[in-house]
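# Inside the fold
Each chain is listed here by its residues.
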Amino acid sequence: MQTFNMGKTPPVTFGAGRIKKVADLVTGLGGGPVLVVCDAALVEFGVVDKLTAGLDAGGIEQVVAAEVAGEPKETLVDDLCARARDAGAQCVIGLGGGAAMDTAKLVATIAKADKPARYYALAAKPLPKDRLPSIAIPTTAGTGSEVTRTSIVSTPEGVKNWYWGEELAFAQAVLDPELTLSLPPFLTAWTGIDAVAHALEGATAKTTSPAGVLYGLEALRILSKDLPRAVADGSDIEVRGRVLWASMLAGLALHNCNTHMGHNISHALGSLAPIHHGRATGLALEVSLPWLVQRAEGADLYAAASLAMGGAEEAAALPEVFAAFMREIGIARALPESCKDLNAAEIAEAMKSEANFSMSQNAACPISREDLDEMAGFVAALPIE
Ligand SMILES: [Fe+2]
């Protein structure tokens, strides 16, 4: 019989307009002041105002740090920890995509300790137990960071390091589909395919479990129908709501079972060149699935994933189903211009790095370093858009 653990899930509040009620959650966690860590772009979209107006109405003091743009860096985390201490913050809110939420959860966890973020990278040291409570408010449907115990933060040189531990988990998650209405089609697709990858990788990993299968396959069933609809018509709040819900379910698959080749490759690519994480992960899965499904290990899992995505219940059917889905949501089988100078050797080296190698070892089949060389070749052979 398989032995497995189910990770803790924060309480989730779901519904259009829930962002205006966050003050009640902050009060329930002990009150403010609050440090709001958010994407810079959300200020001009008026999303930050919605949150702060609700906090003001609830009498919660706040300091807004609208400084997350692109991949978060350790230096930003350290700076925000100092700001949290200076402001006497008693709570941290992460508002935005995965970058803002990953930054917020790490700041909340280490702000009270006197160590820089780097000290805790790659789980080298245990995370502090004395932390600030934190609330996640995703504005994209993709990363599932609101329910995971992982944070991805880059070194100043751009190397993506992971941080992991129960201490990182948010105390509350708020899923408000209204916040995703303004996402343009290409970002809906890029962030959405990241959720598909979390679901697919979690449900087919070596470490998958009944929890990974439950959350992952349900997320795949929803996303395979509703993500193309959200890309085609971003104004449908019901569709946006289902995609946001499925993204969280995919996050739970990731939370319980972790990722494998899609994320091994996309983290390697992201360390080498500027490329959107979701887009990179979708392409990484597209090129690695044909290789993976030829192995005996995991065949039943890949068959179940294919069925959940509307294909035949056969492992061999999955690569085509996945590739067709990528085209349906408008993602071309091509790397962006930013990746034009990458070669197979450097991609392979990044796939084997300390931060990335362990992900490859979570695929259902054994994967050697030579196998990673072969898959890096598939990535390098992609055309440039
Ligand atoms: Fe991801």
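These figures come from a predicted structure and were not determined experimentally. (Residues numbered from 1 in each chain as written. Predicted model: local features only at pLDDT ≥ 70, side-chain atom pairs only at ≥ 80, totals over all residues. Heavy atoms only, no water.)

### Looking at the packing of helix 9 (residues 261-272) against helix 15 (residues 369-380)
- Between helix 9 and helix 15, whose axes approach to 12 Å, the crossing angle comes to 65 degrees. Taken together, the axes of helix 9 and helix 15 lie roughly perpendicular to each other. Seen along the crossing, helix 9 lies across helix 15 with a hand that is right-handed. Each of Met-261, Asn-264, Ile-265 and Leu-269 in helix 9 lies in contact with helix 15, whose residues at this interface are Leu-372, Met-375 and Val-379.
- Taken together, the residues that form the contact of helix 9 with helix 15 break down as six nonpolar, one polar and no charged. (Axes fitted to C-alpha atoms, helices over the stretch in contact; angles between N-to-C directions. Helix = DSSP H or I, 4+ residues; strand = E, 2+ residues; numbered from the N terminus. Parallel < 35°, antiparallel > 145°, perpendicular 65-115°, else oblique. Left-handed = near helix turned anticlockwise from the far one by under 90°. Contact = heavy atoms within 4.5 Å. Nonpolar A, V, L, I, M, F, W, Y, C, P; charged D, E, K, R; others polar.)

### Observations regarding the environment of Ala-84
- Considering the arrangement of structural elements, one finds Ala-84 in helix 4 (residues 74-86).
- Judged by relative accessible area, Ala-84 falls into the buried class, the value being 3%.
- Remark: the alpha-carbon pair of Ala-84 and Arg-279, spanning 195 residues in sequence, is separated by 33 Å.
- With residues near it in sequence (within four places) discarded, Ala-84 still touches Leu-35, Ala-89 and Ala-111. (Buried < 20%, exposed > 50% of the residue type's maximum accessible area, 1.4 Å probe, protein only.)

### A few points about the coordination of the iron ion
- Surrounding the iron ion are the protein donor atoms Asp-194 (OD), His-198 (NE2), His-263 (NE2) and His-277 (NE2), which sit 2.1 to 2.2 Å from the metal.
- Given four donor atoms and angles of 86 to 171 degrees at the metal, the environment of the iron ion is assigned as irregular.
- Read N to C, the donor residues that coordinate the iron ion are spaced as D-x3-H-x64-H-x13-H. A residue pair is termed a helical-turn pair when its members lie 3 or 4 positions apart in one helix, as Asp-194 and His-198 do in helix 6 (residues 185-204) at four residues. Neither Asp-194 nor His-198 differs from the other in exposure class; each is buried. (Donors = N, O, S within 2.8 Å, 3.2 Å for Na, K, Ca; no water. Tetrahedral: all angles 85-135°; square planar, octahedral: opposite > 155°, others 65-115°.)

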